[in-house]
Amino acid sequence: MSRYWSDIVHRLTPYVPGEQPALAHPVKLNTNENPYPPSPRVLDAIRGELGDTADALRRYPDPTARKLRETVAAYHGIRADQVFAGNGSDEVLALTFQALLKHDKPLLFPDITYSFYPTYAKLFEVDYRTIPLDENFAIRIDDYAAPNGGILFPNPNAPTGRPLPLADIERLVASQPESVVVVDEAYVDFGAQSAIALIDRYPNLLVVQTVSKSRSLAGMRVGFAFGDPALIDALNRVKDSFNSYPLDRLAQVAATAAYEDDAWFRDCRAKVIASRERLAAQLTSLGFEVVPSAANLLFARHPGYDAAMLVARLREKEIFVRHFNAPRIDQHLRISVGTDAECDILLDALRGIFSAYVG
Ligand SMILES: *Cc1c(COP(=O)(O)O)cnc(C)c1O
């Protein structure tokens, strides 16, 4: 605390990102990174941009990331004016809070969801109300019929991985024509249905995606919003009042190359999905209750062992999983899907902890 802090800084509750341990070979299953590298074309594109002298770095990048937006628009069969690109989807969400979600009535989002949402709401002074998930951690669309200044949720939800059918999302978007509905699709590629298919029909729908998880580029910081040009325009107005060059040159060419190698993406995604199903089955056989997941993570609790204890014991073995000390979920572990070899190390460690445990 300092007397130099502004009022808002005193009142903030900053988001706490998953640990990035300074270890040579941690088994890192705590931040939902992809266990496989990006397409080799990404490296070629970065090398090409740098050339022999890195002369291109003298110049500012394209402030609108036009080539990247055109590539991603073509990939999804939409127009470039329906695409916004930002420095990670976290930044896209931050701009969305200011551009589209700050109104007189409260923003609605689930009680159990991405923990950055309440952080942004406090930073940008957006009034919000949380809507409880049902007892199976599912979003109940009908609970969002309350008066609101916007609706926001991930699909699949975080940190549960549980997906919502596209028909439910369409019903919500159609029933709330006065509100912007934001669907955060950070994990959609791992098994849920994207709402991008609906943006032509619903001017109040904004879909947010990222290259961090399914395209193995968390280190590059690139995210997108897809929606009606009027919504995209709102994001551009806030962007150009904050940082006109959010995406550096290397990020723009890297993300473009990632979308140009669809075979790599599909292969990588298939491996992660197969490992998820295998890990879910093995956790279940160890006695865990596992939430059905369409993401690259599993949300699981063991009725016999305290979650904080498990996290601490795993950490001693340099195995990192995520634990949220929050109501309703403090006995759950969020486990990112790694390679089968990493999952096996986790499973062996759990067996060891269980057999040595005296309660
Ligand atoms: C990981 C994640 C993000 C942030 O992704 P970045 O593009 O890396 O900023 C946003 N929303 C959800 C639900 C996430 O899990």
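Looking up the protein in an unreviewed UniProt entry gives the name Histidinol-phosphate aminotransferase, with the organism given as Paraburkholderia sejongensis. Quoted straight from UniProt, the Sequence similarities (unreviewed entry) entry for the protein says "Belongs to the class-II pyridoxal-phosphate-dependent aminotransferase family. Histidinol-phosphate aminotransferase subfamily." The UniProt entry for the protein carries the following comment under Cofactor (unreviewed entry): "pyridoxal 5'-phosphate".

All right, on to the packing of aromatic side chains then. Applying the stated criterion across every chain, the model contains 16 aromatic pairs. A centroid spacing of 4.3 Å and a plane angle of 15° characterise the contact between Phe116 and Tyr120, whose relative ring orientation is stacked. Taken together, the residues Phe116 and Tyr120, both in helix H5 (residues 116–123) and 4 residues apart, mark about one turn of the helix. Of the two residues, Phe116 and Tyr120, both sit in the buried class. Members of the aromatic cluster, connected to one another through ring pairs, are Tyr15, Phe97, Phe109, Tyr114, Phe116, Tyr117, Tyr120, Phe124 and Tyr128. Across from the ring centre of Tyr259, 3.9 Å away, lies the NZ or CZ of Arg215, which sits over that ring. Positioned above the aromatic ring of Tyr36, the side-chain terminus of Lys271 is 4.3 Å from the ring centre.

It is worth spelling out unusual backbone geometry at this point. Residue Pro156 is bonded to the preceding Asn155 through a cis peptide linkage, with omega at -5°. Of note, the bond from Ala158 into Pro159 is cis; its omega dihedral lies within 30 degrees of zero at -5°. Position of Pro159 among the secondary structure elements: in the loop between strand S5 (151–154) and helix H6 (166–175). With phi around 65°, Phe137 is a residue other than glycine that occupies positive phi space. In this structure, Phe137 sits in the loop between strand S4 (128–131) and S5. Classification of Phe137 as buried rests on a relative accessible area of 8%. Despite not being glycine, Ser216 has its phi angle at roughly 60°, a positive value. As for its placement among the helices and strands, Ser216 is situated in the loop between strand S7 (205–210) and strand S8 (223–227).

Take the pattern of salt bridges next. Within this structure, the stated rule accounts for 21 salt bridges. In this structure, the salt-bridge partner of Arg58 is Asp55, at a minimum N-O distance of 2.8 Å. Taking the relative accessible area as the measure of exposure, Asp55 reaches 41% and is therefore partly exposed. A salt bridge links Asp267 to Lys271; its shortest N-O distance comes to 3.8 Å. With Asp267 and Lys271 both in helix H9 (residues 262–285), this residue pair falls 4 residues apart, about one helical turn. One network of salt bridges, with partners in common, ties together Arg278, Asp340 and Asp344.

On to the UniProt feature "modified residue: N6-(pyridoxal phosphate)lysine" (unreviewed entry) in the protein. The feature "modified residue: N6-(pyridoxal phosphate)lysine" (unreviewed entry), as given by UniProt, occupies Lys213 in the numbering adopted here. As for its position among the elements, Lys213 is in the loop between S7 and S8. Apart from residues lying up to four places away in sequence, Lys213 is in contact with Thr31, Asn32, Asn34, Ala186, Tyr187, Phe190 and Asn296.

Quick look at the site of the ligand now. The environment of the ligand is made up of Gly88, Ser89, Asp90, Tyr114, Ala158, Asp184, Ala186, Tyr187, Thr210, Ser212, Lys213 and Arg221. At 2.9 Å, a backbone N or O of Asp90 approaches an oxygen atom of the ligand. Within the side chain of Arg221, a nitrogen or oxygen atom sits 2.7 Å from an oxygen atom of the ligand. Calculation on the ligand without its partners gives an accessible area of 390 Å², and the protein chains cover 92% of this total. When the residues that make up the shell around the ligand are grouped by side-chain class, the tally is 4 nonpolar, 4 polar and 4 charged.

Analysis parameters
- Residues numbered from 1 in each chain as written.
- Predicted model: local features only at pLDDT ≥ 70, side-chain atom pairs only at ≥ 80, totals over all residues.
- Heavy atoms only, no water.
- UniProt positions renumbered as here; feature names shortened; annotations may be inferred.
- Phe/Tyr/Trp six-rings, centres within 6.5 Å; stacked < 30°, edge-to-face > 60°.
- Helix = DSSP H or I, 4+ residues; strand = E, 2+ residues; numbered from the N terminus.
- Buried < 20%, exposed > 50% of the residue type's maximum accessible area, 1.4 Å probe, protein only.
- Lys NZ or Arg CZ within 6 Å of the ring centre and 35° of its normal.
- Salt bridge = Lys/Arg side-chain N within 4 Å of Asp/Glu carboxyl O.
- Contact = heavy atoms within 4.5 Å.
- Near = heavy atom within 4 Å.
- Polar contact = N/O pair within 3.5 Å; in protein donor to acceptor, adjacent residues only side chain to side chain.
- Areas by Shrake-Rupley, 256 points an atom, 1.4 Å probe, with all protein chains shown as cover.
- Nonpolar A, V, L, I, M, F, W, Y, C, P; charged D, E, K, R; others polar.

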